[in-house]
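Notes for the structure review
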Amino acid sequence: MKNAVRTIILLALLLMPNVYAMVTATNLNYSVGKEVAYLAVVLLSLALPATLLKARAYFIFEGVVQMLFFPFEMASLYLNGLTINYHFLDFITLTNIHEATELAGSLWFIPLAVVLIWILYFTLAAKVDNKFLIPAKTRKAVWIGIPLLFIAGMIALSRVSDPNTNEKSARKRLELVFETTLNKFEKIYPYDVYLSIWQLHEYRERIRKMEKQIASFSFNLQADTSAVRKHYVLVLGEALRADHLHLNGYERNTTPMLDSVKGLVSFTKMYSQANLTSQSLPLIVSRADVQHRDIAYTEKSLPEAFAEAGYKTAWISNHEASAFTRRISNKLDYQFYTTDTHGIIAFDTILIRQLSEFLKQHDDVNTMTVVHCIGSHFKYCERYPDEYNVFSPAMSSADGYAILSPEHKNKIINAYDNTVLYEDYVWANLIKTLDSADGECVLMFISDHGENLVDDENNLILHGTYIGTQYEAHVPLLVWVNRQFKEAHPKETSAMLSNSGKQLSSDVVFHSFTGIGGFQSITDSTKNIFSPALAGKDTILMLTGSENIYKFTN
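Attention here is on the structure that accompanies the text. Every chain begins its residue count from 1, and numbering advances along the sequence as written. With pLDDT at 70 or above as the cut-off, local features in this predicted model cover only qualifying residues; side-chain atom pairs require 80 or more to be listed or tallied, and sums for whole chains, interfaces and linings still use all residues. Side-chain numbers here rest on the full set of heavy atoms in the structure, without hydrogens or water.

**Some remarks on the nonpolar core**
The definition of a nonpolar core used throughout is a set of buried Ala, Val, Leu, Ile, Met, Phe, Trp, Tyr and Cys residues joined through side-chain atoms within 4.5 Å. Accessibility here uses a 1.4 Å probe with only protein chains present; expressed as a share of the type maximum, an area under 20% marks a residue as buried, one over 50% as exposed, and anything in between as partly exposed. Formed by 86 residues in total, the largest nonpolar core has its most connected members in Leu234, Met368, Ile446, Val479, Phe513, Ile529 and Phe530. Contacts of Ile529, omitting those with residues within four sequence positions, involve Phe267, Met444, Val479, Ala495, Met496, Asn499, Leu504, Val508, Ser512 and Leu534. In terms of nonpolar packing, the next biggest core, distinct from the first, is built from 50 residues, Leu258, Cys381, Ile412 and Ala437 among them. Two residues qualify as a contact provided that any one of their heavy atoms is within 4.5 Å of a heavy atom in the partner residue.

**With respect to the side chain of Asn499**
Per the convention used, a helix needs a DSSP run of H or I reaching at least four residues, while a strand needs a run of E reaching at least two, with both numbered from the N terminus. In this structure, Asn499 sits in helix 20 (residues 490–499). When its relative accessible area of 2% is taken as the criterion, Asn499 is described as buried. Among all residues touching Asn499, those that are not within four sequence positions of it are Phe267, Asn528, Ile529, Ser531 and Leu534.

**Here we look at a nonpolar patch on the surface**
Any residue with relative accessible area above 30% and no salt bridge may belong to a patch, with like charges joined within 9 Å and the nonpolar Val, Leu, Ile, Met, Phe, Trp and Tyr side chains within 5 Å. Using a 1.4 Å probe, accessible areas were evaluated by the Shrake-Rupley method; residue-level cover was limited to the displayed protein chains. Only one rule defines a salt bridge in this text: a Lys or Arg side-chain nitrogen within 4 Å of an Asp or Glu carboxyl oxygen. A grouping of Met1, Val5, Ile9 and Leu120 is seen on the molecular surface, where their side chains present a nonpolar patch of about 400 Å² in accessible area. Secondary-structure assignment places Met1 in the segment before helix 1 (2–24). For Met1, a relative accessible area of 82% puts it in the exposed group.

**Let's talk about helix 21 (residues 508–516)**
Where burial is concerned, most of helix 21 is hidden: nine out of the nine residues are buried. By the burial criterion, the buried members of helix 21 are Val508, Val509, Phe510, His511, Ser512, Phe513, Thr514, Gly515 and Ile516.

**Quick word on helix 20**
Those residues of helix 20 that sit buried are Thr493, Ala495, Met496 and Asn499. Each buried residue of helix 20 lies within a common arc of 160 degrees when the element is viewed along its axis, so the set occupies one face. More than 90 degrees from the buried face of helix 20, the exposed residues found are Lys491 and Ser498. Contacts made by the buried residues of helix 20 are with strand 2 (264–271), strand 9 (474–481) and helix 19 (483–488). Here the arc refers to the set of directions running from the helix axis out to each C-beta atom.

**Some details on the packing of helix 1 against helix 3 (residues 55–67)**
All axes are obtained by fitting lines to C-alpha atoms, using only the stretch in contact for helices, and the reported angles, taken between N-to-C directions, cover 0 to 180 degrees. Running from amino to carboxyl end, helix 1 crosses helix 3 at an angle of 20 degrees, the nearest separation of the two axes being 11 Å. Taken together, the axes of helix 1 and helix 3 lie roughly parallel to each other. Of the two possible hands of crossing, helix 1 and helix 3 adopt the one that is left-handed. Along the contact surface, helix 1 presents Thr7, Leu10, Leu11, Leu13 and Leu14, while helix 3 presents Tyr58, Phe59, Glu62, Gln66 and Met67. Of the residues that constitute the contact of helix 1 with helix 3, the class distribution is seven nonpolar, two polar and one charged. Orientation labels follow simple angle bins: below 35 degrees gives roughly parallel, above 145 gives roughly antiparallel, 65 to 115 gives roughly perpendicular, and whatever is left gives oblique. Two helices cross in a left-handed way if the nearer one is turned anticlockwise from the farther one by less than a right angle. They cross in a right-handed way if the turn is clockwise. Lys, Arg, Asp and Glu make up the charged group, whereas Ala, Val, Leu, Ile, Met, Phe, Trp, Tyr, Cys and Pro make up the nonpolar group; the residues left over, Gly among them, are polar.

**Remarks on unusual backbone geometry**
Peptide bonds are, in most cases, trans, and in most cases residues other than glycine have a negative phi. Here the residue pair Tyr189 and Pro190 is connected by a cis peptide bond, since its omega of 10 degrees sits within 30 degrees of zero. If you trace the backbone, Pro190 turns up in the loop between helix 9 (170–184) and helix 10 (191–211). Although it is not a glycine, Val454 sits at a positive phi angle of roughly 55 degrees. If you trace the backbone, Val454 turns up in the loop between strand 7 (452–453) and strand 8 (461–462). Positive phi outside glycine occurs at Asn459, with the angle close to 55 degrees. Residue placement: Asn459 occurs in the loop between strand 7 and strand 8. Asn459 sits in the partly exposed class, given a relative accessible area of 38%.

**Looking at the side chain of Thr255**
By the element assignment, Thr255 lies in the loop between strand 1 (230–237) and strand 2. By relative accessible area, Thr255 is classed as buried at 0%. Discounting chain neighbours no more than four positions away, the residues touching Thr255 are Leu245, His246, Leu247 and Asp424.

Written out as structure tokens, the structure is:
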């Protein structure tokens, strides 16, 4: 009896990810018949090794190939409502240490539960009777029956599944059905994990091969010999929604300082091209767009283009460096990452001081600077000092990720709005810092993506969802130009004001900066906010966390 109980518990633990997937995964939203077929395939995949191994060896084997990876599958199902894919693995492996520590500290009970399940599983596996789970005659039947059943199923499916059966050869039909069947294993644990690991390896190898082309790439730009000094700053925000800025009509006064900044223009219909920083940032600082993403890895970036033209360039970041940002910043004149010098992410005011120092050191030459803020990235309560805890009650550091549920919506939004209030101070002072420089000055602020804040019946929170939402897509674009720029470029200034109501995507950033920089050979005027030729977009495309393209029209 004890052995039977051990066996049942072990099998239940092995089936746990697949049963949970059947209940929660939107990509397994099958009919009852297909759900039964899915479960049958899962059971057969468990049965095959059991025909070759005795119980103890079988459960240890399955424990190694299945139980060690089940936290990743369960996390994908819980966070995204989908079985795992390589995009989710990529996201996990790119998460910086600070964010991982925040997550682990907030949801400490989850890794504890995982460890306890592992201990329970392998303890039971070591004690189970070491005999075959399946009788000898049944094992022989399985060895013979499953291949025959598989072949028969392939033939049957090839005849009924394709509406153009008569137009394809029998071999072609079998190939198509075989391919379709294999694709089903992308949704069956643990095969989906191993397939995802391989696909992630192939994806990163492809990126590395593409990036090798950059060494010999050139925009062929000539040095700017104008006597007039030019200082351009691109400020990249984090997880900021356009509709939570008071200057965009939000009822709360979240932008008291920016509201009074002269020369500041808000583009109220700006949309991000992706809902994850790792996908969005490359599409902002390069000529790439949603439908031509590889360009970000085969061409140089925006600050590198200005470096070609003789500008002094800098990358100043309150984020941990990714492989992509490090590749760029290593080629610039100055780079600063708070995680390199402080070990942790600081408040964004540190970026003001860094920009000020860089501009003072290079006030007599042209400069182009990228400033990357931590902004409104979760945990919201850790992005602002105590004196900016204005909207309350707000979540606190003690709440952590466990607070991310609809019943705490008020606390979540209050903390989020406090981040906006604090960033208002940061951005206003970045503008003030730039305004002290001598020459024509332009500062452009755009967020990499927005944020879900329990906005509708889907109860979504944070960003990077697989389905994509307008709350993740609609981001602020703020542009500030100084008096010298206005006087020297009245037509461009007028065009910018006229264009502020057009619906746009973040691909305008690259072409707007190169346009005002005079690099017409690499500028698309239909994507330049300073050009009368700027074209608004009827349809917006945004890359989701699963690398599907979310499309919507306004």
